[in-house]
Amino acid sequence: MMKGDFEVVHGAINLVQPSETWDYTPAGFPVPHHISNPPTSPTARPVLDGHCTNTDLSDLIMEQVASPFSEASPSTTNGFPMDTSALPTDNITTSPDEYRSRKAPRRVYERTVCGSGESRSSSKSLAERDHEHGLNMITLLLECAVAISTENLPQANRMLLELTQMASPYSASCAERVVAYFTKAMASRVMNSWLGFCSPLVPHKSILSAFQAFNNISPFIKFAHFTANQAILEALHQKERVHIIDLDIMQGLQWPALFHILATRADGPPHVRMTGLGTSMAMLEETGRQLSNFARRLGMSFEFHPIAKRAGDVDPSMVPSQRGEAVAVHWLQHALYDATGPDRNTMRLLELLAPRVITLVEQEMAHTGSFLDRFVESLHYYSAVFDSLGMSLPFDNPGRHRVEHGLLSREINNILAIGGPARSGEEKFVSWRMELACRGFVQMPMSGNSMAQAQLILNMFPPSLGYTIFQGDGTLRLGWKETRLYTASAWTTRPTR
Amino acid sequence: MDTLFRLVSLQSSDQQSSFKSSRTSSSSRSSKANHHLFHQPFQNREEEKYREECGNNYHVCVDEDFSSSSSSKHLQPHPSTAATPTPSTAATTTTASTAHVLFELADFSFPPDLNIDFASSSSAAAGGGGGGWAAQLLLECARAVAARDSQRVQQLMWMLNELASPYGDTEQKVASYFLQALFARLTSAGPRTLLTLAAASDRTCSFDSTRRTALRFQELSPWSSFGHVAANGAILESFLDAAGGGGSPQPQRLHILDLSNTFCTQWPTLLEALATRSSDDTPHLSITTVVSSASPSAAVQRVMKEIGQRMEKFARLMGVPFKFNVIHHAGDLSELDLDRLDLREGGGALLAVNCVNALHSVSPAGSRRDLFINALRRLQPLIVTVVEEESDLQAASGGDGGGEEGEEGFLKVFRESLRFFSAYFDSLEESFPRTSNERLALERAAGRAVVDLVACPAAESAERRETAAGWSLRMRAAGFAPAAFSEDVADDVRALLRRYREGWSMRSAGEADDPGGAAPGIFLAWKDQPVVWASAWKP
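Cut-offs applied
- Residues numbered from 1 in each chain as written.
- Chains lettered and ligands numbered in written order.
- Predicted model: local features only at pLDDT ≥ 70, side-chain atom pairs only at ≥ 80, totals over all residues.
- Heavy atoms only, no water.
- Helix = DSSP H or I, 4+ residues; strand = E, 2+ residues; numbered from the N terminus.
- Buried < 20%, exposed > 50% of the residue type's maximum accessible area, 1.4 Å probe, protein only.
- Contact = heavy atoms within 4.5 Å.
- Areas by Shrake-Rupley, 256 points an atom, 1.4 Å probe, with all protein chains shown as cover.
- Phe/Tyr/Trp six-rings, centres within 6.5 Å; stacked < 30°, edge-to-face > 60°.
- Lys NZ or Arg CZ within 6 Å of the ring centre and 35° of its normal.
- Axes fitted to C-alpha atoms, helices over the stretch in contact; angles between N-to-C directions.
- Left-handed = near helix turned anticlockwise from the far one by under 90°.
- Nonpolar A, V, L, I, M, F, W, Y, C, P; charged D, E, K, R; others polar.
- Salt bridge = Lys/Arg side-chain N within 4 Å of Asp/Glu carboxyl O.
- Pairing = 2+ DSSP bridges.

*Asks:* I'd love a proper account of the overall build of chain B, names of residues and values included.
*Replies:* Summing up its helical and strand segments, chain B has 17 helices and ten strands in all. Going through the 539 residues of chain B one by one, you find that 58% of them count as buried. Sequence separation of 24 or more characterises 76% of the internal contacts of chain B that already satisfy a separation of 6 or more. Accessible surface for chain B amounts to roughly 21600 Å². Of this, 50% is attributable to carbon and sulfur atoms.

*Asks:* Talk me through the overall build of chain A; I want residue IDs and the actual numbers.
*Replies:* When you go through chain A residue by residue, the secondary structure sums to 16 helices and ten strands. Of all 497 residues assigned to chain A, the portion counted as buried reaches 65%. Carbon and sulfur atoms form 51% of the exposed surface of chain A, whose accessible area is close to 17200 Å².

*Asks:* So, the packing of aromatic side chains: which residues are in play, and what are the values?
*Replies:* Residues and elements named next belong to chain B. Counted according to the given criterion, the structure contains 26 aromatic pairs over all chains. For the ring pair tryptophan 223 and tyrosine 424, a centre distance of 4.8 Å and an interplane angle of 65° mean the geometry is edge-to-face. Residue tryptophan 223 is found in helix α10 (residues 222–246), and its partner tyrosine 424 is found in helix α14 (residues 407–431); the two are separated by 201 residues along the sequence. An identical accessibility class is assigned to tryptophan 223 and tyrosine 424; each is buried. Ring centres of tryptophan 223 and tryptophan 504 lie 6.3 Å apart, and the angle between their planes is 80°; this geometry places the pair in the edge-to-face category. Taken as a pair, tryptophan 223 in helix α10 and tryptophan 504 in strand β8 (residues 504–508) lie far apart in primary sequence, 281 residues in all. Accessibility classification places tryptophan 223 together with tryptophan 504 in one group, the buried group. Ring pairing ties together the aromatic residues Tyr177, Phe217, Trp223, Phe420, Phe421, Tyr424, Phe425, Trp504 and Trp526, which thus form one cluster. Seen from the ring of phenylalanine 410, arginine 185 lies directly overhead, with NZ or CZ sitting 3.9 Å from the centre.

*Asks:* Mind laying out the environment of leucine 428 of chain B, listing which residues take part and the relevant values?
*Replies:* All names here are of chain B. Relative to the elements of secondary structure, leucine 428 occurs in helix α14. Leucine 428 gets classed as buried once you look at its relative accessible area, which sits at 0%. Separated by 186 residues in the primary sequence, leucine 428 and alanine 242 place their C-alpha atoms 39 Å from one another. Filtering out sequence-adjacent residues up to four positions away, leucine 428 remains in contact with Phe217, Arg439, Leu442 and Glu443.

*Asks:* Quick one: what's the story with the packing of helix α6 (residues 153–166) of chain A against helix α7 (residues 174–195) of chain A, residue by residue and with numbers?
*Replies:* A packed helix pair is summarised by two numbers, namely the angle formed by the two axes and the spacing between the axes. Residue and element names in this part refer to chain A. The N-to-C vectors of α6 and α7 enclose an angle of 145°; their axes lie 9 Å apart at closest approach. By crossing handedness, the relation of α6 to α7 is classed as left-handed. The residues of α7 that touch α6, namely those facing Leu153, Ala156, Asn157, Leu160, Leu163, Thr164 and Met166, are Glu176, Val179, Thr183, Met186, Ala187, Val190 and Ser193. Per-class residue counts for the contact of α6 with α7 are nine nonpolar, four polar and one charged.

*Asks:* Quick rundown of the pattern of salt bridges? Include the residues and the values.
*Replies:* Residues and elements named next belong to chain B. Inspection of every chain in the model, using the stated rule, returns 40 salt bridges over all chains. With a closest N to O distance of 3.1 Å, aspartate 392 and lysine 412 form a salt bridge. Highlighted residues: aspartate 392 in the loop between β6 (383–389) and α14 and lysine 412 in helix α14, separated in sequence by 20 residues. Taking relative accessible area as the criterion, aspartate 392 reaches 25% and is therefore assigned partly exposed. One salt bridge in this structure joins glutamate 466 and arginine 474, with 2.9 Å as the shortest N-O distance. Given a relative accessible area of 12%, arginine 474 falls into the buried group. Via salt bridges that share partners, Lys173, Glu429, Arg439 and Glu443 belong to a single interconnected network.

*Asks:* Describe the environment of glycine 233 of chain B, and please don't skip the residues or the numbers.
*Replies:* All names here are of chain B. Within the secondary structure, glycine 233 sits in helix α10. Look at glycine 233 and you get buried, because its relative accessible area is 15%. Sequence separation between glycine 233 and serine 486 is 253 residues, and the spatial gap between their C-alpha atoms is 8.5 Å.

*Asks:* Tell me about the pairing of strand β5 (residues 326–332) of chain A, and name the residues and values.
*Replies:* Residues and elements named next belong to chain A. Within β5, seven of the seven residues are buried, which leaves it mostly tucked inside the rest of the structure. On β5, burial covers both faces: Ala326, Ala328, His330 and Leu332 on one face and Val327, Val329 and Trp331 on the other are all buried. Here strand β2 (residues 241–246) runs beside β5; their pairing, made up of five bridges, is parallel. Each residue of the ladder has a partner; that of histidine 243, found in β5, is valine 327.

Right, here's the structure in full:
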């Protein structure tokens, strides 16, 4: 399986003209199938027809979901930690009827669920039924979240049983898919609570294949890879020995593209030492083999060091730095499982490594906080992600299902059922960017070239799909419509020139 | 790379200890914080939140024995099991402080005595016999439930909860639906769970969704159409025989008492056959279909009304004089007053009774099943067709099965449910596309049946299937004699099966290695497992 993964990348790479500047190298993209035939007219938007009936769902849901709770829950809207332990729970136990009476969820569904695809004879009454169906689901999901947050688990369980009969993850409505997976995650949480215990079991292989599928059907992962690669390339300019440390390497999908550029740069290829952290030695070794093969084909001097530990558990002596070596640390965060362990230890490791560059790609969502905070944050976040997939792929696309079930559902499950990384009992930062700044790291604004990279990636997807780049605070963010989803930033231990 | 799943949180001993400490009592928690490298004031708060979230103070109602037995028994993991770190000190002894906690901390590694192959996700391919990881874990879990080994139950349910998904592969689905049922059983919430599920499913049910599901099921799988073709063939032949011998100038009248759960999808082909095969005068056809459910819902009534209208329209199109009645019956089918139905239309009409998955919906309590079959016999029907799913889900074999079932009975029903529904899910998996809402509806219905079987008292159950041999005994006892299917009918069934993917086959009941042996009729088999039985009976 993994061999195949890499071969896809190789094939694409080989077609690319070597280029020093990187500005014009859309390297390594397997072009999504629906893009190979771009719509001839911008108004035609054929990819949308009958695929997804939702637009701007995330914004509307956020409006609905956030407002009832905003008085009660001190959220993390500014990215600053709030005292969640002082959460006044009795304010939240508003009677369910209060939510039911709100017009808000109705509005979400007026714009979203009505009219799902096929035209039918009785479409009028059917649309009404769908509409009511959607409305009931959203209301029930919110009530259920409140019940869980107030530890009323029997009631939550009853509502979850209802939801399991109502929401389908194969629906044409993206909102219904989101509800189905949130229901699954919350049911898993209720079970954990009843067992009095939770600890994730992670099927790494299936996650990797879903991750690969995500990389193929949406721009998010490519955005992360290419903006980070650009920042690393710039920071390692003219360095002869480089040490790249990937805190969560998975299949190392992003590195062939960087190697390719490094191998053809004007000042000659550097010696690359790479340290890959991950959970399984067997998979790390396989990744190392693939990367070594690739480097050899480029004629690049390369070593790979696998460490089957989480960054927060690594003894810094296991990652020795060598004299004259420029260190780059890369970290693409996700919410699938706790890939790095205690954040304070990870920070300590970074301080000791004193990297020339740290590239950080974060999900624009607070993983910490109370259950209700996380529920609201993640509902907002994943509604946007699901909508974006629904925009580009038909509802019965198997790849879309693989990503939603194998990847996004796992993240939702981890955030809600396991409780996010914080649930492991290990301390997590609310905002890594803020924490890095406090620790004396200096932000390196993402360069114009990084922006150009991000733009190149986006150009591979029709503008009608709604992906948007945001630039500001020296970061680059990729989002869908108005919702920011992934944020890339770069840091260094020293002030830049 | 043989082990697909890895215990992330148990990869290193560091993690192990931090995990454990986050669950133990408050005193040990603070002591951990003392030698924590970066002790901060809010460390405790984090853990407090974790504990609070973990919901240790969630009360569940289980019987006293169950919760108290947890303190005595611990699993003994083998000290050196590859890839499963063994937490030797996992057994806590804080019995005093855990009075309100259902389970104590078990060791959360894979039970070393379980040799589970997670890599073979398609283990059901060997006939859906349920030999995959889901069946192994579930069976272990059911055994632990029966043995009241609460630590092992907790350990296995945790694993199942982590691995299961109603939207994943067959193994994950089976795990998910059976886990739901076990959860309902352990929280003594079986009947309540079933009621909630059924009510929610009824609320979302519409004519369109019902029709789409039934038609798609017929289109992609012979599971339901097999019985339809066999039963229609038998009904038609017996009617033509009887009508042909009569020699009456009047067109014959056929009345079908339809006890089935397949929403009249059986009848269009019969109407067609009547229209084309009867020589002169097309007979009058009346169908009285009985919709029986524990609690009748408005949605189902709407659906049946629309079905009736469409049936009438179709009959007009075919030129068959037709009458359609729907009887909505609340409660057990055995309580239906058959004499009140005007099945003879004032005399003269020939009566056929069509039972598709109807007999197993009669409660196994007392002798209701025998009484009901006797009542059918008193109707003096021309023919009775019986189509049943082949599975032995009686708690006590041979007996009336309605009594209080013991642990033995629970285990037997659990094992057999697992076998049967694994095969069902496997056949759905291979017949339907991955993202089919129709398949999801069928799976959810099966999930409700599993809750009924695993978590509800047998006496109230509507899902206790019996084997062909078992039903045959009951039919014979009531004075029915088997009517063999003709070669024509068998040919029709074979032709039907050719329309579907590989894996389906027909076999006559005599060939099947069935302990009863003496069952008449034919089986539909999926990967060599008999799954549906069709038979015809005459008084």
